[in-house]
Amino acid sequence: MSVQIYTHPSSHRHVTPPGHPERVARIETIDRVLADAPYADLPRIEAPAVTDDQILRAHSSRYLDMIKENAPSDGWVSLDPDTHMSPGSLEASYHAAGSNVAAVEAVMGGKAKAAFCAVRPCGHHAERERAMGFCLFANIAIGALHAMDSLGAGRIAIMDFDVHHGNGTQDIFWADGRVMFSSTHQMPLFPGTGAEGETGEEDNIFNAPLAPNTGGREMRAAFENRVMPAIRAHEPDLIMISAGFDAHASDPLANLQWTADDFAWATERLCDLAGQLCDGRVVSTLEGGYDLDGLADSVAAHLDVLTAHAS
Amino acid sequence: MTENDKKIEEMSFEEALAALEQVVSSLDGGQVPLEESITLYERGEALRKHCEGRLKDAELKVEKIVAGADGQAKGTEPFETS
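Chains are numbered independently. Their residues run from 1 in the order of the written sequence. The lettering of chains begins at A and the numbering of ligands begins at 1, in the order of writing. Two thresholds apply to this predicted model, a pLDDT of at least 70 for residue-level local features and 80 or more for giving and counting side-chain atom pairs, whereas whole-chain, interface and lining totals are computed over all residues.

Student: Just checking my understanding: could you explain the overall build of chain A for this structure?
Tutor: In this description a helix means any DSSP run of H or I spanning at least four residues, a strand means any run of E spanning at least two, and both kinds are numbered starting from the N terminus. If you tally the helices and strands in chain A, you get nine helices and 10 strands. In summary, chain A has a C-alpha radius of gyration of 17 Å against a globular reference of 19 Å for 311 residues, a match within 12%. Principal-axis analysis of the C-alpha atoms places the extent of chain A at approximately 50 × 40 × 40 Å. The 311 residues of chain A split such that 57% are buried. For a compact globule the rule gives 2.2 Å times the number of residues to the power 0.38, and the radius of gyration it is set against comes from C-alpha atoms. Here exposure depends only on C-beta density: within 10 Å of a residue's C-beta, 20 or more other C-beta atoms make it buried, 12 or fewer make it exposed, and intermediate numbers make it partly exposed, the C-beta atoms being placed from the backbone.

And the structure:
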């Protein structure tokens with residue numbers, strides 16, 4: 001088995017206003033990585049659209065209606081100062097969330113050991129009732145809820161190494177002890193949540209905030225002391241990764257100093273845990289990462305580890 | 001002119017501290033857009049460094065006064081740091 005790659009052309013049609021960092025060029029950059037050896041040989045699967053019923057496991061019907069009603073026929077609609085919808089955004093959002101649903105089906109069904117969803121818009125800031133931080137649907141949460149409600153997964157660990165705290169994922173699973181959510185992120189920074197003291201109603205949230213200007217050494221300590229023991233204790237049936245690459249030293253939206261090797265190290269630790277705990281099942285999905293060179297190097301490093309893990 | 005308009009290097013310690021508290025409150029409150037939060041954080045860092053500099057200046061001045069009051073006939077003029 002190898003790692004499956006989920007993409008969809010609609011990711012290119014979610015167009016943000018000029019100068020916006022979460023831009024089409026990000027997915028074009030990843031496309032170029034995927035077009036080169038050795039990644040060109042990985043199985044590519046076109047992500048299906050998520051169904052409304054699958055979305056409604058993570059969001060309210062009022063929220064889903066709001067997203068649909070705001071989809072513009074031309075120009076942009078701004079849901080907040082960061083988060084915009086273009087005419088192609090609704091379709092892209094359905095396929096971004098759908099990629100996570102299809103990926104968990106493949107991995108839980110034994111068709112793949114690991115999967116990477118290279119889609120946009122990203123999802124980890126989208127709360128049950130609120131779009132924010134460039135995110136419309138909570139892609140990874142929708143995938144996790146599908147794995148638990150339809151595919152028999154009893155417990156899931158979600159690890160989010162995007163440089164911004166995954167407030168949306170935390171919000172959706174705050175009182176759901178089936179999911180253990182851990183996050184490394186710069187603090188202080190957007191969205192302002194992610195303190196260690198935010199532990200969830202079921203003690204299922206494990207935040208590991210990192211000080212600005214720290215690098216791989218501090219991240220590795222957070223993994224070893226906080227993230228990995230918590231994942232181990234949860235005994236998950238599936239490990240999911242919110243793979244944001246904006247902790248990279250060259251990223252313009254944050255001050256952490258990670259290298260591509262650091263992303264590889266973090267991915268390797270998560271794959272090792274998956275091997276020990278859940279027959280190696282790993283589903284990873286793209287979140288942030290706004291420096292195109294840093295994004296390309298980091299995605300390649302992430303894929304190298306996933307590929308080795310899945311083979 | 002508000003504290004936000006004034007150049008940081010021209011701020012008094014009290015002004016810079018108040019501006020820093022405003023930055024921290026905004027970042028903690030989660031009301032700052034993602035794109036702006038890095039800029040605001042970096043302003044906070046600049047304010048923190050300015051506050052530290054003003055405190056250090058004050059400490060040096062205090063040391064000079066103490067030294068002057070210790071029997072040494074050096075006068076009481078302000079300590080110049082640069």
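Anyway, onward from the coordinates.
Student: I would appreciate a short explanation of the interface of chain A and chain B in the present structure.
Tutor: Contact with chain A, which involves 15 residues of that partner, is made by 11 residues of chain B. For the side of chain A that touches chain B, the residue count by class is 10 nonpolar, four polar and one charged. Here contacts are defined at the residue level, using C-beta atoms placed from the backbone and a cut-off of 7 Å between them. Just so you know the grouping, Ala, Val, Leu, Ile, Met, Phe, Trp, Tyr, Cys and Pro go in nonpolar, Asp, Glu, Lys and Arg go in charged, and all remaining residues, Gly too, go in polar.

Student: Honestly, helix H8 (residues 260–277) of chain A in this entry has me stumped. Any pointers?
Tutor: An α-helical segment advances 3.6 residues per turn. Residues three or four places apart therefore align on the same side. All names here are of chain A. Under the convention used throughout, the expected extent of a helix is 1.5 Å for every residue step, that is, one less than its residue count. Counted at 1.5 Å a residue, the expected span for H8 with its 18 residues is 26 Å, and the 26 Å between its end C-alpha atoms agrees. Residues of H8 that are buried: Ala260, Asp262, Phe263, Ala264, Ala266, Thr267, Leu270, Cys271, Leu273 and Ala274. Contacts made by the buried residues of H8 are with strand E6 (156–160), helix H7 (216–234), strand E9 (238–243), strand E10 (282–286) and helix H9 (292–310). Positioned one or two residues after H8, Asp279 has a phi angle of 55°, which is positive.

Student: Is there a simple way to think about the nonpolar core in this case?
Tutor: Within soluble globular proteins, side chains that are nonpolar tend to cluster in buried spots. Residues and elements named next belong to chain A. Think of a nonpolar core as buried Ala, Val, Leu, Ile, Met, Phe, Trp, Tyr and Cys residues, each tied to the set through C-beta atoms within 7 Å. The biggest cluster of nonpolar side chains holds 112 residues, and the ones touching the most others in it are Val107, Ala115, Ile142, Ala144, Ile156, Leu238 and Ile239. The element contributing the most residues to this core is helix H4 (residues 89–108), with 11 residues. Apart from the residues within four sequence positions on either side, Ala144 is in contact with Ile156, Ile158, Val179 and Met240.

Student: Sorry, what's going on with the packing of H7(A) against H8(A) here?
Tutor: When two helices pack together, their arrangement is captured by the angle between the axes and the distance separating the axes. All names here are of chain A. Axis lines are fitted to C-alpha atoms, over the contacting stretch for helices. Their N-to-C directions set the angle, which ranges from 0 to 180 degrees. Running from amino to carboxyl end, H7 crosses H8 at an angle of 15°, the nearest separation of the two axes being 11 Å. Between H7 and H8, the angle falls in the class roughly parallel. In this structure, H7 crosses over H8, and the sense of that crossing is right-handed. Taken together, the residues of H8 that come into contact with H7 (itself represented by Gly216, Met219, Arg220, Phe223, Met228, Ile231 and Arg232) are Asp262, Trp265, Ala266, Arg269, Leu273 and Leu277. Grouping the constituent residues of the contact of H7 with H8 by class yields eight nonpolar, one polar and four charged. Between 65 and 115 degrees an angle is taken as roughly perpendicular, under 35 as roughly parallel, over 145 as roughly antiparallel, and anywhere else as oblique. The sense of a crossing depends on the near helix, which, turned anticlockwise from the far helix by less than a right angle, makes the crossing left-handed and, turned clockwise, makes it right-handed.

Student: Would you mind showing me how to read the pairing of strand E1 (residues 3–7) of chain A here?
Tutor: A regular strand places its side chains on the two faces of the sheet in alternate fashion. Residue and element names in this part refer to chain A. E1 sits mainly inside the fold: five of its five residues count as buried. Alternating residues of E1 divide into Val3, Ile5 and Thr7 and Gln4 and Tyr6, and every residue in both groups is buried. Bridge analysis of E1 against strand E5 (residues 114–117) gives four bridges, and the strand direction is parallel. From the neighbouring strand, Gln4 faces E5, where its bridge partner is Ala115. Inspection of the sheet shows E1 paired to strand E2 (residues 44–46) by three bridges, in the parallel sense. Counted as the bridge partner of Tyr6 is Ile45 from E2. For the handedness criterion, the strands are oriented away from the viewer, and a crossover whose path from the first strand over the helix to the second runs clockwise is classed as right-handed. Of the crossover connections in this fold, the one passing from E1 over helix H1 (residues 24–35) to the parallel E2 is right-handed. For two strands to count as paired, DSSP must find a minimum of two bridges between them.

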